[in-house]
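Residues per chain, in single letters:
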Amino acid sequence: MKKFNIRKVLDGLTAGSSSSSSQQQQQQQQQQPGSRENEVQETLQSEHFQLCKTVRHGFPYQPSALAFDPVQKILAVGTQTGALRLFGRPGVECYCQHDSGAAVIQLQFLINEGALVSALADDTLHLWNLRQKRPAILHSLKFSRERITFCHLPFQSKWLYVGTERGNIHIVNVESFTLSGYVIMWNKAIELSSKSHPGPVVHISDNPMDEGKLLIGFESGTVALWDLKSKKADYRYTHDEAIHSVAWHHEGKQFICSHSDGTLTIWNVKSPTKPVQTITPHGKQLKDGKKPEPCKPILKVEFKTTRSGEPFIILSGGLSYDTVGRRPCLTVMHGKSTAVLEMDYSIVDFLTLCETPYPNDFQEPYAVVVLLEKDLVLIDLAQNGYPIFENPYPLSIHESPVTCCEYFADCPVDVIPALYSVGARQKRQGYSKKEWPISGGNWGLGTQSYPEIIITGHADGSVKFWDASAITLQVLYKLKTSKVFEKSRNKDDRPNTDIVDEDPYAIQIISWCPESRMLCIAGVSAHVIIYRFSKQEVTTEVIPMLEIRLLYEINDVDSPELEQVPPLPTPVGGSNPQPIPPQSHPSTSSSSSDGLRDNVPCLKVKNSPLKQSPGYQTELVIQLVWVGGEPPQQITSLAVNSSYGIVVFGNCNGIAMVDYLQKAVLLNLGTIELYGSNDPYRREPRSPRKSRQPSGGLCDINEGTVVPEDRCKSPTSAKMSRKLSLPTELKPDLDIKDNSFSRSRSSSVTSIDKESREAISALHFCETYTRKTDSSPSPCLWVGTTLGTVFVIALNIPPCGEQRLLQPVIVSPSGTILRLKGGILRMAFLDATGCLVPPAYEPWREYNVPEEKDEKLKKRRPVSVSPSSSQEINENQYAVICSEKQAKVISLPTQNCAYKQNITDTSFVLRGDIVALSSSICLACFCANGHIMTFSLPSLRPLLDVYYLPLTNMRIARTFCFTNNGQALYLVSPTEIQRLTYSQETCENLQEMLGELFTPAEPPEAPNRGFFKGLFGGGAQSLDREELFGESASGKASRSLAQHIPGPGGIEGVKGAASGVVGELARARLALDERGQKLGDLEERTGAMLSSADSFSKHAHEMMLKYKDKKWYQF
């Protein structure tokens, strides 16, 4: 036995493992003596697992900068958290991150070079290599004495102009990422007579027709045209309003400035005294020839010319101050027409897409890309009315805040086409007819071809289905669950939804069966809706609905209040339920004798006919009702089974089971009643009259209610019943110190506070053994609670066909009770060979076709479990149960614990899933301390333990989920989904699956100068920048000004290439390369030290010469 222990421990060791070997040994010793190690042949080993991020989908959170490569047709977006998102053709996307996390203030493509420069708020410049699938930083430059405010890189130039807050301009060689000794000082650029500082540099650009002339805009309103060769300003243009942006006319004779008073000034280059024209696009023109009233600042202006027609002037901002409440606008001025395009969110930046990258040619603008705070919009300039392009990227994840999500890999192959066909009808009309213009890059070679679906639930009650196959994401179908409810017209008309101050339809839990396509959702207002999928449109005359009174007071069963309830039976145990005629509308608000609200649901179901489009159609609406002035508690768990026709859900009061075929309540029990006589806790029955408390969790975050002493104090159930905090207000409101989330169940738990709120936390339908004495499996429901108890409820389902609709389903608690430490999270069942036994399901078929009416009740196909004859009858199945603290594998029907693993002592598991990987299965867990772990099944050997990310807010806890084939995801920000894999095979294939951003492309032809221009001068003047800015001409820059930092990008490309062929040879070569690079770095550092010593001696010598002949009193 000792030898066996050590072997298992060695198997379990992985990189980054934090679980001690003593813990693993302890786990092995916790096996039951009778369990045999060789019963199930396990194939998964540690080497099958590796954790890495795959892709990030969604809108870049808090965007701050925008750039476009007009030749490569690639768009880049930078964010306030230092993220970089690159977009090519639909399906080609990439996410990178600056390690510092500082905000990106500007991005500049090296056009058609496969490189990008980013300027950050911490005054660093970074050069990104985009010629590899995972872009990496090649060089960085950290400015130490000046703050970067604006950068400009001319087309086909290697010299980057960097403007600073002090008003100076430095020049960086983007090949070596070193500073030139050439500096344009602010005091040389402005009038010498000027006494004030001109402010930070807000604009730099070279004259399109003469690269030797640089236009510099200062914030105060001064603009200088600097001659690079003669190192002096040719002209200075002064205006008394602050400048926000500047743009050239392509002929280089005029430029336009946008100002803080909402005006545009157009200047002739050779007339610096006053502007040729001043325009106030949104100002009211006054009759007396007076100046128009000032407007809001014009934050950016672009000036684009066309060969055949008037130029375009495009600007953001500049609205008049009296347009209160008006949405942000982009203004397009073309000739005499001015179009004001309203946006849904404030404008961060915009760029005009033009046919040519050459600044000295007619620009021919064809589209404007507008980066908004929460959206990306592309406007077609070539079509009348400026329609927008239909956005092909999955940027609408956050259209309404995401409140939950589920991930399904390896779905039935017909599900995605079915969802796509019903979703195609939901498309909006009126988009531009043209192709999406951001079309760069190439798709990866996706080797994984299995269908994957992500379902997101939202705060407005909508549910979205996404096709997530082969690391892409595309919306398939959107369902609005709020359509079945009456919308309140005004505040006074909301007597019932007031338990949730906003978003009463928010989705909390999604339960979906891919095979039968049955969908069930639980919402924040204690409502459950069951949906069937249909390709036919139907009109439902009366929406079927049930109202359920779910209590936890024992003596409420005999309470006289129950007599007032309409025909809603509360069967206990195996009593036969009576079918309930579907009600057309909720019962009217009945008040109990002391005036407390009673027996009313939170939402009102529509009583008019409901037209249901193809897709998901309402089968049944179930609502929990108020009881004696106390609102219903939020639903904490939910499960639906298409083979049995049953939906079950629970909260911190108890459990309810509904037959959705007969529309009948089968079970309505308080959690305490599930224990029967086996309740290990002393609980006092409590009358609903005594000290009614506010909602157990519906209003405890926002509404500041005084929480009475008898509120639930169990941290587990607090997690379950808290008001759904939406991603918009995700403050780290959890104190993640061990005390606030201590999940251990103390042995002396007797207080009514905790036990009265034991919530139902996990539900699982299956065909298995309900009692120790069973000789064959039968349908049952396993129920887990937040106190670590598992109950088994036996289901007696009538035969299929007509009898299923006529005979009642008999439900009876079996008396089987199992215990674990910590709240139950997930349950699953294995057969004797260790294969997963899925819950029974009925394959999908169309319900709304008349000729199939007789066949509607055709035989259902539950999954049967037939143990092989060679297996002993008492080892037929294993139940796998995962709690917040531990996992157990229990042999059935004997109910012996075969294996046990303490997953964590100091933290707690947030999500546990039993998933398929490499034709085997394992248990995957995500802990609140940031660890991702996997365990083999059934023996629960640790296979992977990696520290991934800490639980920083509730959003991660609420959205993290694992699925089959080594896939997982969570909401990394309110607008983005991060996908990751824990499969070694997927990590190895990832390089091939990722798209290429850079594709070699010929730049368009340069504009022709023409014969006369060539003969008599004119046309574009070129400049030998090397001659001006090179070290030989301008000397070296001051070392203290900026520090060069080599990036990891060079070696990353090799790593990416090597990861596809993970052979020893490639790894050895990589190690040599890295060693070579380190030696190179050492040489560089030695050289730097030598030059530093050399410069020190030179300075010392100069000092000596300077002061050699001076007397001591002259110093």
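Just so we're clear, the structure is a prediction, and the values are computed from it rather than from any experiment.

Check the secondary structure of the protein chain and you find 15 helices and 61 strands. Across the 1115 residues in the protein chain, those meeting the buried criterion constitute 57%. Nonlocal contacts in the protein chain, meaning residues at least 24 apart in sequence, comprise 60% of its contacts between residues at least 6 apart.

Note on sheets: strands pair through backbone hydrogen bonds, and any given pair is parallel or antiparallel. Pairing is antiparallel across the open sheet formed by four strands, whose spatial order is S18-S19-S20-S21. Edge strands, defined here as strands with exactly one partner in the open sheet, are strand S18 (243-248) and strand S21 (277-279). Geometrically, the sheet is characterised by an average inter-axis angle of 20 degrees between neighbouring strands, direction not taken into account. For strand S20 (residues 264-268) and S21, the ladder comprises three bridges, and the chain directions are antiparallel. Opposite Ile266, over in S21, you have Gln277 as the bridge partner.

This part takes up the nonpolar core. Note that soluble globular proteins tend to have their nonpolar side chains buried in a common cluster. Ranked by internal contacts, the top residues of the largest apolar core, which has 36 residues, are Leu419, Ile453, Phe465, Trp512, Leu519 and Tyr616. In terms of residues, this core owes the most to one element, helix H4 (residues 415-423), which gives five residues. With residues near it in sequence (within four places) discarded, Ile453 still touches Glu406, Tyr407, Phe408, Cys411, Val415, Ile416, Leu419, Phe465, Trp466 and Trp512. Counting 28 residues, the second-largest nonpolar core is a separate cluster that includes Val915, Met954, Ile956 and Phe962.

Two side chains with opposite charge may pair up if their charged atoms get near one another. Under the defined criterion, the tally for this structure stands at 28 salt bridges. Here Arg85 and Glu93 are joined by a salt bridge, their closest N and O atoms 3.0 Å apart. Connected through salt bridges with shared partners, the residues Asp210, Lys213, Asp227 and Asp234 form a single ionic network.

In terms of burial, helix H10 (residues 984-993) is largely enclosed, as seven of its 10 residues are buried. Taken together, the buried positions of H10 are occupied by Gln984, Thr986, Cys987, Asn989, Leu990, Gln991 and Met993. With a side-chain oxygen positioned 3.3 Å from the backbone nitrogen of Glu985, the residue opening H10 is Ser983.

Time to look at the sheet that holds strand S22 (residues 298-304). Strand order across the open sheet formed by four strands is S22-S23-S24-S25, with antiparallel pairing between neighbours. Looking at strand neighbours, the two that pair on one side only are S22 and strand S25 (337-342), the edges of this open sheet. Neighbour-to-neighbour, the strand axes of the sheet open up by a mean angle of 15 degrees, direction not taken into account. By the bridge criterion, six bridges tie strand S24 (residues 329-334) to S25 in an arrangement that is antiparallel. Its bridge partner lying in S25, His334 is registered against Ser337.

Next up on the list: the pairing of strand S7 (residues 115-120). In the case of a regular strand, side chains alternate between the two sheet surfaces. The buried fraction of S7 amounts to six of the six residues, a majority that puts the element mostly inside the structure. Covered by surrounding structure in S7 are Ala115, Val117 and Ala119 together with Leu116, Ser118 and Leu120, the residues of both alternating faces. As judged from the six bridges shared by strand S6 (residues 104-110) and S7, these two strands associate in the antiparallel manner. Its bridge partner lying in S7, Gln108 is registered against Val117. The turn linking S6 back onto S7 is made up of four residues, and Asn112 within it adopts a positive phi angle of 65 degrees.

So, about the confidence of the model for the protein chain. Within the protein chain, residue pLDDT values average 80, and 74% of them lie at 70 or more. The model gives residues 852-874 a pLDDT under 50, and that stretch makes 43 contacts with residues more than four places away or in other chains. Here residues 1011-1017 is a poorly scored stretch, pLDDT under 50, and it has four contacts once near neighbours within four places are set aside; other chains count.

Here Gln254 is to be found in strand S19 (residues 254-259). Looking at Gln254, the relative accessible area reads 24%, which means it is partly exposed. Spatially, the C-alpha atom of Gln254 lies 9.7 Å from that of Ser271, the residues being 17 residues apart in sequence. What Gln254 contacts, discounting residues up to four positions off in sequence, is Trp248, His249, Ile266, Trp267, Asn268, Val269 and Val276. In this structure the side chain of Gln254 is engaged in a polar contact, spanning 3.0 Å, whose partner is the side chain of Asn268.

Attention now moves to H4. Residues of H4 that are buried: Val415, Ile416, Ala418, Leu419, Val422 and Gly423. Considered in projection along H4, the buried side chains sweep an arc of 165 degrees and stay on one side of the axis. Buried residues along H4 sit in contact with strand S30 (452-458), strand S31 (462-467), strand S32 (474-480), strand S33 (507-513), strand S35 (527-534) and strand S41 (615-624).

Using the criterion set out here, one finds 24 aromatic pairs in the structure. Relative to Tyr358, the ring of Phe155 has its centre 5.0 Å away and its plane inclined at 80 degrees; by these criteria the two rings are edge-to-face. Taken together, the residues span a long stretch of sequence, with Phe155 in the loop between strand S10 (148-152) and strand S11 (159-164) and Tyr358 in the loop between strand S26 (347-354) and strand S27 (365-372) at a distance of 203 residues. Tyr358 carries the same exposure label as Phe155, and that label is buried. Members of the aromatic cluster, joined through ring pairs, are Phe408, Phe465, Tyr477, Trp512, Phe533, Tyr616 and Trp844. The lysine or arginine in question, Arg517, covers the ring of Trp844, its NZ or CZ lying 4.1 Å from the ring centre.

Bringing unusual backbone geometry into the picture now. Note that the residue after Leu892, namely Pro893, is joined by a cis bond; omega there is 5 degrees. Of note in this structure, Tyr386 is not a glycine but carries a positive phi near 45 degrees. Structurally, Tyr386 can be placed in the loop between strand S28 (376-380) and strand S29 (402-409). Take Tyr386: its relative accessible area is 14%, and that puts it in the buried class. Phi is positive for Leu940, which is not a glycine, with a value near 60 degrees. Structurally, Leu940 is set in the loop between strand S56 (931-936) and strand S57 (942-947). The buried category is assigned to Leu940, whose relative accessible area is 0%.

Our focus in this paragraph is the pairing of S31. Counted residue by residue, S31 has six buried out of six residues, so it is predominantly covered. Burial of the side chains of S31 extends over both faces: Ser462, Lys464 and Trp466 are buried on one face and Val463, Phe465 and Asp467 on the other. The pairing of S30 with S31 spans five bridges and is antiparallel. Considered in S31, the bridge of Thr456 is made with Lys464. The turn joining S30 and S31, which pair antiparallel and follow one another in sequence, is formed by three residues; a positive phi near 90 degrees is taken by Gly461. Bridge count between S31 and S32: six bridges; the pairing is antiparallel. What sits directly across from Lys464, in S32, is Lys478. In this structure, the hairpin formed by S31 and S32 is closed by a connection of six residues, where Ala470 is found at a positive phi of approximately 50 degrees.

Cut-offs applied
Residues numbered from 1 in each chain as written. Predicted model: local features only at pLDDT ≥ 70, side-chain atom pairs only at ≥ 80, totals over all residues. Heavy atoms only, no water. Helix = DSSP H or I, 4+ residues; strand = E, 2+ residues; numbered from the N terminus. Buried < 20%, exposed > 50% of the residue type's maximum accessible area, 1.4 Å probe, protein only. Contact = heavy atoms within 4.5 Å. Pairing = 2+ DSSP bridges. Axes fitted to C-alpha atoms, helices over the stretch in contact; angles between N-to-C directions. Core = buried A, V, L, I, M, F, W, Y, C linked by side-chain atoms within 4.5 Å. Salt bridge = Lys/Arg side-chain N within 4 Å of Asp/Glu carboxyl O. Polar contact = N/O pair within 3.5 Å; in protein donor to acceptor, adjacent residues only side chain to side chain. pLDDT = per-residue confidence, 0-100. Arc of directions from axis to C-beta. Phe/Tyr/Trp six-rings, centres within 6.5 Å; stacked < 30°, edge-to-face > 60°. Lys NZ or Arg CZ within 6 Å of the ring centre and 35° of its normal.

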